[in-house]
Amino acid sequence: MMSAARIPALGLLAALVLSACSEPPPPPTGPVINTAAATEAINLFEQARRDGRGQLARAYADDILLKYPGTEAAATVQAAMAEVNALAEADRERTRLANMWIYHEVGEVKGATYTAFMYESDSAQLDRSERPQLVLRRHPEWGQNVYVLLPNGRFACGARCMINIKLDDAAPARFEASQPEGAPVPAMFVEEDTRFFEALKTARWVELELPIRGGKRSLRFEVGGIDLARMGPAVRKR
């Protein structure tokens, strides 16, 4: 038979057990941050930022903010986001401009022919076969050329004429031009090709005012993304 003295002790033990069971569980711990990986990520972010590779830097930044919130790496990224976003937008714009040019290289016996062309900016609603084109060419025999193709159009230049070419916001400049006979697509050559190539190095827009049957027509080209290094080596001056 249990003694009366042991009853209070058992009651106390039972109370302690119940009290322990009723205590709330400890709060869950947060995810363990891989500090080595966070350090590597911030190094890649800073390298892309220094190199001016805005879109890559922003991709690294988004990854750091997602994977390593609350860390020093995340704080560094957050402080630089305004700059990184500006870099990314500038990077995107450079890519857009560069993609407007289409390049070709064709090997020939006497050397490669390099061409670059783009479509006229205000004709995007037309089928490509109908859009005016600005073409640059470096040919091992014919030299360097700049010409405009005008599908379904009719130039009225003749053997030689003078045309206005406007570069960005500058006043129009006079360039000598010519119209070859028998071209499958109506074409007009800018005879001062070296001068034109030089202007492309800094121009964003080029607008050519060209004589056509019945008047004149202005064609605008957003040329700022040209990569002249892809046009091959310089050829003899025409």
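Let us look at the structure shown here. None of the values given here were measured: they were computed from a predicted structure.

Turning next to the side chain of Thr115. In this fold, Thr115 is placed in strand 2 (residues 111-119). In contact with Thr115, other than residues within four places in its own chain, are Ile102, Tyr103, His104, Leu136, Arg137 and Met231.

We now examine the environment of Trp142. Looking at the element boundaries, Trp142 is found in the loop between strand 3 (133-139) and strand 4 (143-149). Trp142 gets classed as exposed once you look at its relative accessible area, which sits at 51%. It is 9.6 Å that separates the C-alpha atoms of Trp142 and Thr113, two residues lying 29 residues apart in sequence.

Time to look at helix 4 (residues 72-98). Given a rise of 1.5 Å per residue, 27 residues ought to cover 39 Å, and the 37 Å separating the end C-alpha atoms of helix 4 matches this to within 8%. The sharpest bend along helix 4 measures roughly 60 degrees and falls at Met81. For helix 4, the set of buried residues is Ala73, Ala74, Val77, Ala80, Met81, Val84, Ala88, Asp91 and Leu97. Residues of helix 4 that are buried sit in contact with helix 2 (35-50), helix 3 (54-67) and strand 9 (215-222).

In terms of burial, strand 2 is largely enclosed, as seven of its nine residues are buried. Counting the residues in the hairpin turn of strand 1 (residues 102-108) and strand 2 gives two residues. For strand 2 and strand 3, the ladder comprises six bridges, and the chain directions are antiparallel. Bridge pairing in strand 3 places Phe117 opposite Val135.

On to the environment of Leu149. Looking at the element boundaries, Leu149 is found in strand 4. For the pair formed by Leu149 and Val135, sequence separation is 14 residues and the distance between their alpha carbons is 7.7 Å.

What follows concerns unusual backbone geometry. The phi torsion at Asn152 lies on the positive side, around 65 degrees, for a residue other than glycine. Within the fold, Asn152 resides in the loop between strand 4 and strand 5 (161-167). According to the relative accessible area criterion, Asn152 is exposed, its value standing at 69%. You will see that Asp168, though not glycine, has its phi angle at about 55 degrees, which is positive. The topology assignment puts Asp168 in the loop between strand 5 and strand 6 (173-178).

What counts, and at which threshold
Residues numbered from 1 in each chain as written. Predicted model: local features only at pLDDT ≥ 70, side-chain atom pairs only at ≥ 80, totals over all residues. Heavy atoms only, no water. Helix = DSSP H or I, 4+ residues; strand = E, 2+ residues; numbered from the N terminus. Contact = heavy atoms within 4.5 Å. Buried < 20%, exposed > 50% of the residue type's maximum accessible area, 1.4 Å probe, protein only. Expected span 1.5 Å × (residues − 1). Bend = angle between axes of the 7 residues up to and from the residue. Pairing = 2+ DSSP bridges.

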